[in-house]
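Secondary and tertiary structure notes
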Amino acid sequence: MKKNNINKNIQPLCKSKKYGITLPGFIIVLLCNLLLPVIVQSAELEVIPLRNNMDMIAGAGANIVVHHGEDGVIVVDSGSGDRTEEVLEIINQIGGGVPIRYVINTSANPDNVGGNEALSLAGEPFVARVGLRLDPNLRSELSSGAIIYAQENVLFHMAENGMPISSWPVEGYATPSGSIRLNGEGMEIKHFPVAYSSADSIVDFRGSDVFVVGQLIDATRFPQINLEQGGSVNGLLAALNELIWMVIPELPLTWREGGSLVVPAKGRVYRHGDVVQYRDMVTIIRDRVYTMIEQGMSLQEVQDANPAFGFIGQWGDDTPGSEWTTEMFIEAVYISLLTEMQAGEQ
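1. Things to note about the overall build of the protein
When its secondary structure is counted, the protein shows 13 helices and twelve strands. Burial status across the protein gives 53% buried among its 346 residues. In the protein, of all internal contacts separated by at least 6 residues, the share reaching a separation of at least 24 is 62%. Working note: accessible area of the protein is about 15,300 Å², and carbon and sulfur atoms make up 53% of it.

Written as structure tokens, this is what we have:
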């Protein structure tokens, strides 16, 4: 990627002083409110300013969040790995050349962890760390770059998925949550044991009021549910309900910039009301499918009844070659509910 292309993409209006924009303040505020949640689809990677020293990179797989400061760069999720060279060039520019210290993974989905190895090797650790449940002989190799940090189930699922050892987490947590503090920012990494999978976490940047929620939300399509790795629709809804209580709405001054920002796996930045709408969509479809199962309908009969009606226009991704279609989502919901209902009868 040419340097001038990157510069063009990372000149946000919201950072007018940094980039020398002289528009009147009220116009800048208006444009920020309108444009902040929107990610334009293009061949170029998009850099969306969040808050303080935080930016989001879109277009390289899952959304990548970059927090930068004098202590170094923290990257949340590394993308699919297909455009890592471009991602690293952007991180270097927006981070001012300070090294990557941590790569935090919110799940083991390949879109979230595909760039782990390259981003880690491009960084520098503060000190050597002992790998998380790994062969000690691998410690020096895996700890030579930025620390890859995740809930321990991410490591297990990455191993199941056949991901290279050099991309596995080397530090993490097995408790309900972990924490890191860098650049004057406290970060809580909270685990949801059943959601997209059994390895989902959100990263709560407390000072900036930004939540990076990974596969709990996909603003471009219906949520994925990985049944083989411990996911369930009811677990996903429980996680979304808890997230809603954590995210702060813009109330009472709704006309001002404020409230929590929620970065999904893909798509535009969400706010409190968007998360509520997403939760409601999953709840309604879950309830429709549950009712149809109680009526004795087979999976094909449920599919034919179109329980996602009313939501396909916004979240359905049925384009040729789509990796997660409406039909796949309904099948996952059906199997998840049927399995729980059958288990409850035993």
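2. Observations concerning the pairing of strand 5 (residues 100–104)
Along strand 5, five of the five residues are buried, which leaves the element largely enclosed by surrounding structure. Bridging between strand 4 (residues 72–76) and strand 5 involves four bridges; their strand directions are parallel. Among the inter-strand pairings, Val73 is bridged to a residue of strand 5, identified as Ile100. For the handedness criterion, the β-α-β arrangement of strand 4, helix 4 (residues 84–94) and strand 5 is classed as right-handed. As defined by bridge partners, strand 5 adjoins strand 6 (residues 147–151) across three bridges and the pair is classed as parallel.

3. Some words on helix 8 (residues 152–160)
Within helix 8, burial applies to Glu152, Asn153, Val154, Leu155, His157 and Met158. Two to three positions downstream of the cap, the backbone nitrogen of Asn153 sits 2.7 Å from a side-chain oxygen, assigning the N-cap of helix 8 to Gln151. In the segment just after helix 8, Gly162 is the residue with positive phi, at about 75°.

4. Some words on the nonpolar core
Counting 39 residues, the largest nonpolar core has Leu216, Ile217, Phe222 and Ile285 as the members making the most contacts within it. Of all the secondary-structure elements, those providing two or more residues to this core are strand 11 (210–214), helix 9 (233–246), helix 10 (272–294) and helix 13 (326–345). Aside from chain neighbours lying at most four places away, what touches Ile217 is Leu240, Leu243, Val262, Pro264, Ala265, Lys266, Tyr270, Val275 and Tyr278. If you look at the next biggest cluster of nonpolar residues, it comprises 25 residues, including Ile48, Val170, Ile180 and Val269.

Rules of the game
- Residues numbered from 1 in each chain as written.
- Predicted model: local features only at pLDDT ≥ 70, side-chain atom pairs only at ≥ 80, totals over all residues.
- Heavy atoms only, no water.
- Helix = DSSP H or I, 4+ residues; strand = E, 2+ residues; numbered from the N terminus.
- Buried < 20%, exposed > 50% of the residue type's maximum accessible area, 1.4 Å probe, protein only.
- Contact = heavy atoms within 4.5 Å.
- Areas by Shrake-Rupley, 256 points an atom, 1.4 Å probe, with all protein chains shown as cover.
- Pairing = 2+ DSSP bridges.
- Right-handed = clockwise from strand over helix to strand, strands pointing away.
- Polar contact = N/O pair within 3.5 Å; in protein donor to acceptor, adjacent residues only side chain to side chain.
- Core = buried A, V, L, I, M, F, W, Y, C linked by side-chain atoms within 4.5 Å.

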